[in-house]
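Residue-level structural notes
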Amino acid sequence: MNRSVLNTTFAGGFLALAVGLVIARANPATGYEPSIFAGTPTATWIGFAIALAIAVVLALGCRGRQQGVAIALGATTVTAIVSLPLIRDYRFSGMGDALTHLGWTRDIVDGGLQPHELFYPGIHSIAAVIHFLAGIPIERALLLSVVILFIPFLVFVPLVVRDMTGNGLAVGVAAVVSWMVLPINNIATHMGVHTNSNALFLVPVVIFAFVAYLHRRSTIEQLPFGLSPFSLLIYFSGIALLLVHPQQMINVVVLVGTVAGLQYLARWRYEDHPVVEHPTTYTHAVVLGAIFTLWAVTNERFQSAVSGLVYGMFSADIGGGETVDQRGGSLTEIGGSLGEMFVLLFLDAAVIGLAAGLFVLVMWFGWTATDRDTSTLVTYFALALVPLGGIFLVYFVGTPTMAFRQVGFIYVLLTILGAIAIAHVIGGLSRYITTPGANAIAAVALGACLVLGLMTVYASPIIYNPGQHVTDQKFSGYETAFDHGAEDRPHAGLGYDPFRYDHGLYGLERDDPLSGAGTASGEVDPELWEAGNYTGAYNDLDYYFIVTEYDVTREVDVYQELHYSEAALDDASQQPGVNKVVSNSEFEMYAVDASGGSGAPA
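Quick summary incoming for the structure in this document. (Residues numbered from 1 in each chain as written. Predicted model: local features only at pLDDT ≥ 70, side-chain atom pairs only at ≥ 80, totals over all residues. Heavy atoms only, no water.)

**Digging into the overall build of the chain**
Across its full length, the chain holds 26 helices and seven strands. In terms of overall size, the chain behaves like a compact globule, its C-alpha atoms giving a radius of gyration of 26 Å where 602 residues would be expected to give roughly 25 Å. For the chain, the spread of C-alpha atoms along the principal axes amounts to about 85 × 55 × 50 Å. Taken across its 602 residues, the chain has 54% of its residues classed as buried. (Helix = DSSP H or I, 4+ residues; strand = E, 2+ residues; numbered from the N terminus. Rg over C-alpha atoms; globule rule 2.2 N^0.38 Å. Buried < 20%, exposed > 50% of the residue type's maximum accessible area, 1.4 Å probe, protein only.)

**Details of the nonpolar core**
Looking at soluble globular proteins, one finds that nonpolar side chains tend to be buried together. Within the largest apolar cluster, 173 residues are counted, with the highest numbers of intra-cluster contacts made by Phe 92, Val 173, Trp 179, Met 191 and Ile 207. Sorting elements by how many residues they give to this core places helix α20 (residues 400–429) first, with 16 residues. Dropping the residues within four chain positions of it, Ile 207 is found in contact with Val 160, Leu 255, Phe 381, Val 412, Leu 413 and Ile 416. Judged by nonpolar contacts, the second largest core, of 16 residues, contains Tyr 538, Tyr 543, Ala 572 and Tyr 590. (Core = buried A, V, L, I, M, F, W, Y, C linked by side-chain atoms within 4.5 Å. Contact = heavy atoms within 4.5 Å.)

**Brief notes about the sheet that holds strand β6 (residues 578–584)**
Sheet strands pair by backbone hydrogen bonding; their relative direction is either parallel or antiparallel. Spatially, the five strands line up as an open sheet ordered β4-β3-β5-β7-β6, and their pairing is mixed. At either margin of the open sheet sits one strand with a lone partner, and together these are β4 (521–523) and β6. Direction aside, the axes of adjacent strands within the sheet are offset by 25° on average. Where strand β3 (residues 491–493) and strand β5 (residues 543–548) come together, three bridges link them in parallel fashion. Counted as the bridge partner of His 491 is Tyr 544 from β5. (Pairing = 2+ DSSP bridges. Axes fitted to C-alpha atoms, helices over the stretch in contact; angles between N-to-C directions.)

**Examining unusual backbone geometry**
The backbone of Asn 539 sits at a positive phi, close to 60°, despite the residue not being glycine. Along the chain, Asn 539 falls in the loop between α24 (526–530) and β5. According to the relative accessible area criterion, Asn 539 is exposed, its value standing at 51%. Located in the positive-phi region is Gln 560, a residue other than glycine, with phi close to 55°. Tracing the sequence through the fold places Gln 560 in the loop between α25 (549–558) and α26 (566–572).

**Points about the packing of aromatic side chains**
What the rule picks out here adds up to 21 aromatic pairs. By way of ring pairs, the aromatic residues Tyr 32, Phe 475, Tyr 478, Phe 482, Tyr 496, Tyr 501, Tyr 506, Tyr 550 and Phe 587 are connected into one cluster. We note Arg 269 situated over the ring of Tyr 270; from NZ or CZ to the ring centre the distance is 5.2 Å. When the ring centre of Tyr 544 is taken as reference, the NZ or CZ atom of Arg 489 above it lies at 5.3 Å. (Phe/Tyr/Trp six-rings, centres within 6.5 Å; stacked < 30°, edge-to-face > 60°. Lys NZ or Arg CZ within 6 Å of the ring centre and 35° of its normal.)

**A word on the environment of Ile 36**
Its place among the elements puts Ile 36 in helix α2 (residues 36–39). Setting aside chain neighbours within four positions, we find Ile 36 in contact with Trp 45, Leu 84, Pro 85, Arg 88, Tyr 90 and Tyr 458.

**A look at the side chain of Arg 405**
Within the secondary structure, Arg 405 sits in helix α20. Nearest to the buried, unbridged Arg 405 among oppositely charged side chains is Asp 97, at 4.0 Å. (Lys, Arg positive; Asp, Glu negative; His and termini not counted. Salt bridge = Lys/Arg side-chain N within 4 Å of Asp/Glu carboxyl O.)

**A few points about the packing of helix α12 (residues 229–244) against helix α15 (residues 282–296)**
Where α12 meets α15, the closest approach of the two axes is 11 Å, and the angle between their N-to-C directions is 25°. As summarised for this structure, α12 and α15 are arranged roughly parallel, according to the angle between their axes. When you trace α12 past α15, the crossing you get is right-handed. Only Thr 283, His 284, Val 287, Leu 288, Ile 291, Phe 292 and Trp 295 of α15 make contact with α12, whose side of the interface consists of Ser 231, Ile 234, Tyr 235, Gly 238, Ile 239, Leu 242 and Leu 243. Tallied by class, the residues present in the contact of α12 with α15 amount to ten nonpolar, four polar and no charged. (Parallel < 35°, antiparallel > 145°, perpendicular 65-115°, else oblique. Left-handed = near helix turned anticlockwise from the far one by under 90°. Nonpolar A, V, L, I, M, F, W, Y, C, P; charged D, E, K, R; others polar.)

**Quick word on helix α19 (residues 372–398)**
Over its 27 residues, α19 extends 40 Å from the first C-alpha to the last, a length consistent with the 39 Å expected when each residue adds 1.5 Å. At Val 386, α19 is deflected by roughly 25°, the largest bend along its length, and proline Pro 387 occurs up to four residues later in sequence. The N-cap of α19, judged by a side-chain oxygen 3.1 Å from the amide nitrogen of Asp 373 a few residues on, is Asp 371. (Expected span 1.5 Å × (residues − 1). Bend = angle between axes of the 7 residues up to and from the residue. Polar contact = N/O pair within 3.5 Å; in protein donor to acceptor, adjacent residues only side chain to side chain.)

**Remarks on the pairing of β5**
Regular strands show a simple pattern: their side chains alternate between the two faces of the sheet. Among the six residues of β5, six are classified as buried, and the element is accordingly described as predominantly covered. Neither face of β5 is left uncovered, since the one carrying Tyr 543, Phe 545 and Val 547 and the one carrying Tyr 544, Ile 546 and Thr 548 both have all their residues buried. With six bridges joining them, β5 and strand β7 (residues 587–592) adopt antiparallel strand pairing. Pairing of Phe 545 across the sheet is with Tyr 590, part of β7.

Put into structure tokens, the structure is as follows:
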């Protein structure tokens, strides 16, 4: 492809991206959107698809500056997709931990909480700074912080692969695989204000510093006292990772500690080996481990997490197998299956993981042309997966949610190893057909995986999990409910505990938040509610019952009335002792009186 055609193609890609962004911005969300994919105009997706198609083809086929432009086009497009809640003027996105993080950020802004008092204050501090400097609402500042923390993943994954291999094709493949955002699985890692997930996107920065340090050969790069600038980068990026979420810092310590152990064994066993030529990482493992220990061991949240893990390991009804069985049964009842969910959520991850695993085995058998230094670095990461996988098994037995967070970190490494593996496959294929032909086949295959990966980067009904879009109407409804409700009446939700909105609206440092009282909030019992026993559905108390558009979408449209029926919800307001007291287009609250709301089923 000559230069003028190439430049025209790049111009067309960036133009398609720009048009898509303009159309998305011109069509903001006007109400709750169960799916950000369906809510975003089709023209926007067409523009993004054109940009990504050009980026994938040219990232694989070009080298040097042109490849850099292709990678920039693809990375910008994926960043635009991740930024859609901001672009389309969402008030906020996230209804679980995200609302609690919003509350903590509000506390920091209001001065009721100091950042160092949090176990992981990274994203909250970034959002507070953006709020003060840019003057934007705290909710938007948090959403912008998510994008800021996401960008390093797209930048540093290709840089790590370039430093490990020096292979231009591998760099292009690494860029494309990073656009799949494999660490997000929508089970325990999510795209949004979720600090554990946000921390995953900083891990490649630490890995890049680590690989760069291992490649150090000359004292010219050393600072006084023999300290490498890359050592400082390892420590600083490790501390940044710790402040965003310590669990991912643990995994980095395990990774660096594994490499240090391999280096010790190699020096004990061999005199001439690539591992022996690398500078030692003993100090880095000790220092990073000490930093984590000093930060974590005295923290009450860390102690409770460890206690919960130990308890879960010895409880028959908590382990991952029990959780999978429960969710599998629920999926079957609403017409889905675990097989369908696996294809949607994990097929592309399985393909990349299988490619990485097979490549490592083939490389260890000596059947590849991988140079000794690259194979050594690949071996480091591959063997580090053994203890990281062991941690996954411990989590799976004790706290399944933590297990799937561990999968997120593992897939940061598999993104890197998988890219190197696929580059070798493409290189081998090009020996049997032409290089452009091999690149074309790879572009089609990777493009299909890319589509599948981006289809699930956000929750949506396609994965039986409606989007967690928080609208102005929803915030307004909850604010009215909390401000004007009777203080002695608890608030109960339809399958969703309202206390998170109390966090998001008022922070956690105020006196007597909902989560601080035993009956301040909760969820109604679905069986008793369906039977018409409205007061019995919540401890035979007077209470406020809250229903939002999100609740109805999830329970009626997505779960197909598995727990709550639309007829029962409609009938409740007609019953004695159940009175509507707050209502807008997306929020309704009923006052349920114990004296009149426990009649016979409708």
